[in-house]
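# Understanding the architecture of this molecule
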Amino acid sequence: MKIFLSHSSRQKPLVREIRRHFPEHVDTWIDEQNLFIGDDISTSLKEQVSEKSDYLLLFLDKDAAESKWVKKEIQWALEAERKQNRILLIVVLIDPDAFNILNIPELKKRRYLQCTDYSERAIEYVANAIVADLFALACRELESINNPSTKTKINLIKNADDYLEIVAQKCVSLLFPYRQDNPITKEGFFDLFQKSSGEEVTGVTLSELLDELFSKDLLPGVFYDGHELFILEEHYRWKAQINVNIKAKVAKLAARMIRSGNIIAIDAGSATDELVKIICSRIVSRSLANISIVTNSISAVEMLLKTTDTHGMDEHTCPFKLFLAGSFIRPNTRALVNIGEDDTCSFSDMLNVVGEADLGFVGVNGIDIHAGLTTHEMTEVKNKQGIINKSQKSIILGDSTKIGIVGDAAFSSFDDDITVIVDETEKSSALLDSLKGRGEKLVLV
């Protein structure tokens, strides 16, 4: 399979990083490696797009939308599509306004991928999504050639691990509101999946696909007995890949509160991981110094220590002090939790030694006006309450998909001295209206 990579020069580093995650059997054409001195640029590009490439992958930002060469490449690809009667052009949207600048209505109607986060995890996610789309298109073409009557696709995708990963993430995203007290039937989920994909998917196909996902352990934390499905427990494997852009926005607002010299407590979680990324950036830029960080997050520790290694910091030059709370590692959340009644190594115990935190950042699994802020494990409650009780200001990092979900154990309520940050949606706006008169309990971004 040969892919032509169309992009502006500004996005060349991003394109290189995404290409790095492609499987070896995907052959890519990029101008810096395939155009040579003396080549007729226009002829070479048209030949590659129209005749020698299976697909054109367009990374669409404002610069690409204004580029005469990119516009030519798009027109050549659209012409080739009409001649070959198949999809060749796949769009990865970087700047939301680029469609308006490009002004090709035909492209705007198509499904496209988005890439607005340049973190390593987000780049890998986009690369996997591209591979999944390419595989799906290739499978569809193969089916139309070999079998005009559409049958189950499961045999075509059994070995497509990249594709299955993407489907697993989609399943989890759709299942996220469904918990043990409000499961969704298999038939209801199939209908939901079909509507979200916009493709005709038979019940047999999706049933076999679910069996394949569970056999490969790609849906940890999801309950399925052949009749109904629900999220039994949020799992780090997929939680860190859901709503990444929203979590990054929430974390960005929370990070503005941190000042040099602060003592901060950071709970384990995918939202707080985004906060730690920003802290690492500010440490490197020297805009944040002399801070003490108390955390129970293994991933936070990894990111912070990687920052010191990469930038040659030692204990004398490092602008932060790092303290670990907890004693038992939970694989599901990458969190250290205290076990037993002894508070040794708990957040409360560590903050008694280090000093009361100026700011405490806590993750959340469920947000409900009546049930309050909840999680799925009692072992997590002690940590979260320890941060809230030992911090001058407590900030809960969430997102609107958590609203209405009630976990097994509450660790705080809206009557407590807390601030919850979530993204602005109809659900979060309605919750904000119902909290009027209780102070700044909920902040929307």
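Here, the structure is the one placed above.
The rules behind the values
Residues numbered from 1 in each chain as written. Predicted model: local features only at pLDDT ≥ 70, side-chain atom pairs only at ≥ 80, totals over all residues. Heavy atoms only, no water. Helix = DSSP H or I, 4+ residues; strand = E, 2+ residues; numbered from the N terminus. Contact = heavy atoms within 4.5 Å. Polar contact = N/O pair within 3.5 Å; in protein donor to acceptor, adjacent residues only side chain to side chain. Axes fitted to C-alpha atoms, helices over the stretch in contact; angles between N-to-C directions. Parallel < 35°, antiparallel > 145°, perpendicular 65-115°, else oblique. Nonpolar A, V, L, I, M, F, W, Y, C, P; charged D, E, K, R; others polar. Pairing = 2+ DSSP bridges. Core = buried A, V, L, I, M, F, W, Y, C linked by side-chain atoms within 4.5 Å. Buried < 20%, exposed > 50% of the residue type's maximum accessible area, 1.4 Å probe, protein only. Phe/Tyr/Trp six-rings, centres within 6.5 Å; stacked < 30°, edge-to-face > 60°. Lys NZ or Arg CZ within 6 Å of the ring centre and 35° of its normal. Expected span 1.5 Å × (residues − 1). Right-handed = clockwise from strand over helix to strand, strands pointing away. Salt bridge = Lys/Arg side-chain N within 4 Å of Asp/Glu carboxyl O.

Mapped onto the fold, Asp-54 is located in the loop between α3 (41-52) and β3 (55-60). Distance from Asp-54 to Leu-89, taken between C-alpha atoms, is 9.3 Å for residues 35 residues apart in sequence. Here Asp-54 is in contact with Met-1, Lys-2, Arg-86 and Leu-88, once residues within four sequence places are set aside. Within the structure, the side chain of Asp-54 is placed 2.7 Å from the backbone nitrogen of Lys-2, a separation counted as a polar contact.

This part is about the packing of helix α17 (residues 347-354) against helix α18 (residues 378-389). When two helices pack together, their arrangement is given by the angle between their axes and by how far apart the axes lie. Between α17 and α18, whose axes approach to 8 Å, the crossing angle comes to 30°. Classified by the interaxial angle, the pair formed by α17 and α18 is roughly parallel. Across the interface between the two elements, Phe-347, Ser-348 and Leu-351 from α17 touch Asn-383, Gly-386 and Ile-387 from α18. Taken together, the residues of the contact of α17 with α18 sort by class into three nonpolar, three polar and no charged.

Inspection of the sheet shows strand β15 (residues 366-368) paired to strand β16 (residues 372-375) by three bridges, in the antiparallel sense. Paired with Gly-366 across the strands is Thr-374, a residue of β16. As defined by bridge partners, β16 adjoins strand β18 (residues 409-412) across three bridges and the pair is classed as antiparallel. Bridging from a neighbouring strand, Thr-374 pairs with Ala-410 of β18.

Moving on, we come to the nonpolar core. In terms of nonpolar packing, the biggest core is built from 28 residues, with Leu-275, Ile-279 and Phe-361 touching the most fellow members. Here this core takes six residues from helix α15 (residues 270-284), the largest share from any one element. Residue contacts for Ile-279: discarding those within four places in its chain leaves Ile-258, Ile-264, Ile-266, Leu-288, Ile-291, Ile-293 and Leu-304.

Our focus in this paragraph is unusual backbone geometry. Even without a glycine there, the phi angle at Asn-103 is positive, about 60°. For Asn-103, the location among the structural elements is in the loop between α6 (98-102) and α7 (105-108). In this structure, Arg-286 takes a positive phi of about 65° despite not being glycine. Turning to its location among the elements, Arg-286 is positioned in the loop between α15 and β10 (291-295). On the basis of relative accessible area, Arg-286 is assigned to the exposed category, the value being 56%.

What the three strands build is an open sheet, ordered β6-β8-β7; its pairing is antiparallel. This sheet does not close on itself; its edge strands, each paired only once, are β6 (184-185) and β7 (222-224).

With that settled, the discussion passes to the packing of aromatic side chains. The geometry of an aromatic ring pair is captured by two quantities: the separation of the ring centres and the angle between the planes. Here the structure, examined in full by the defined rule, presents four aromatic pairs. Aromatic side chains Phe-214 and Tyr-224 sit 5.5 Å apart centroid to centroid with 20° between the ring planes, which places their arrangement in the stacked category. You can see Phe-214 sitting in helix α12 (residues 203-215) and its partner Tyr-224 sitting in strand β7, a full 10 residues away along the chain. A residue is classified by how much of its surface remains accessible, and Phe-214, at 24% relative accessible area, is partly exposed. Take Tyr-224: its relative accessible area is 18%, and that puts it in the buried class. The ring of Tyr-55 has Arg-86 sitting right over it, with the charged end atom 5.3 Å from the ring centre.

Over its 17 residues, helix α5 (residues 68-84) extends 24 Å from the first C-alpha to the last, a length consistent with the 24 Å expected when each residue adds 1.5 Å. Listing the buried residues of α5 in full gives Val-70, Glu-73, Ile-74, Trp-76, Ala-77, Leu-78, Ala-80 and Glu-81. The N-cap residue of α5 is Ser-67: its side-chain oxygen and the backbone nitrogen of Trp-69 are 3.3 Å apart.

Let us now look at the pairing of strand β11 (residues 320-324). When a strand is regular, its side chains alternate between the sheet's two faces. The pairing of β10 with β11 spans five bridges and is classified as parallel. Bridged to Ile-291 within β11 is Phe-320. Between β10 and its parallel partner β11, the chain crosses via helix α16 (residues 298-310), and the hand of that crossover is right-handed.

Let's shift gears to the pattern of salt bridges. By the definition in use, this model includes nine salt bridges. Asp-95 is paired through a salt bridge with Arg-10; the nearest N and O atoms lie 3.5 Å apart. In this pair, Asp-95 is assigned in the loop between β4 (89-93) and α6 and Arg-10 in the loop between β1 (2-6) and α1 (12-20), connecting sequence segments 85 residues apart. We classify Arg-10 as partly exposed; its relative accessible area is 46%. Residue Glu-17 is joined to Arg-20 by a salt bridge in which the shortest nitrogen-to-oxygen separation is 2.8 Å. One end of the pair is Glu-17 and the other is Arg-20, both in helix α1 and three residues apart, which spans about a single turn. It is possible to trace a salt-bridge network through shared partners that takes in Arg-10, Asp-61, Asp-63 and Asp-95.

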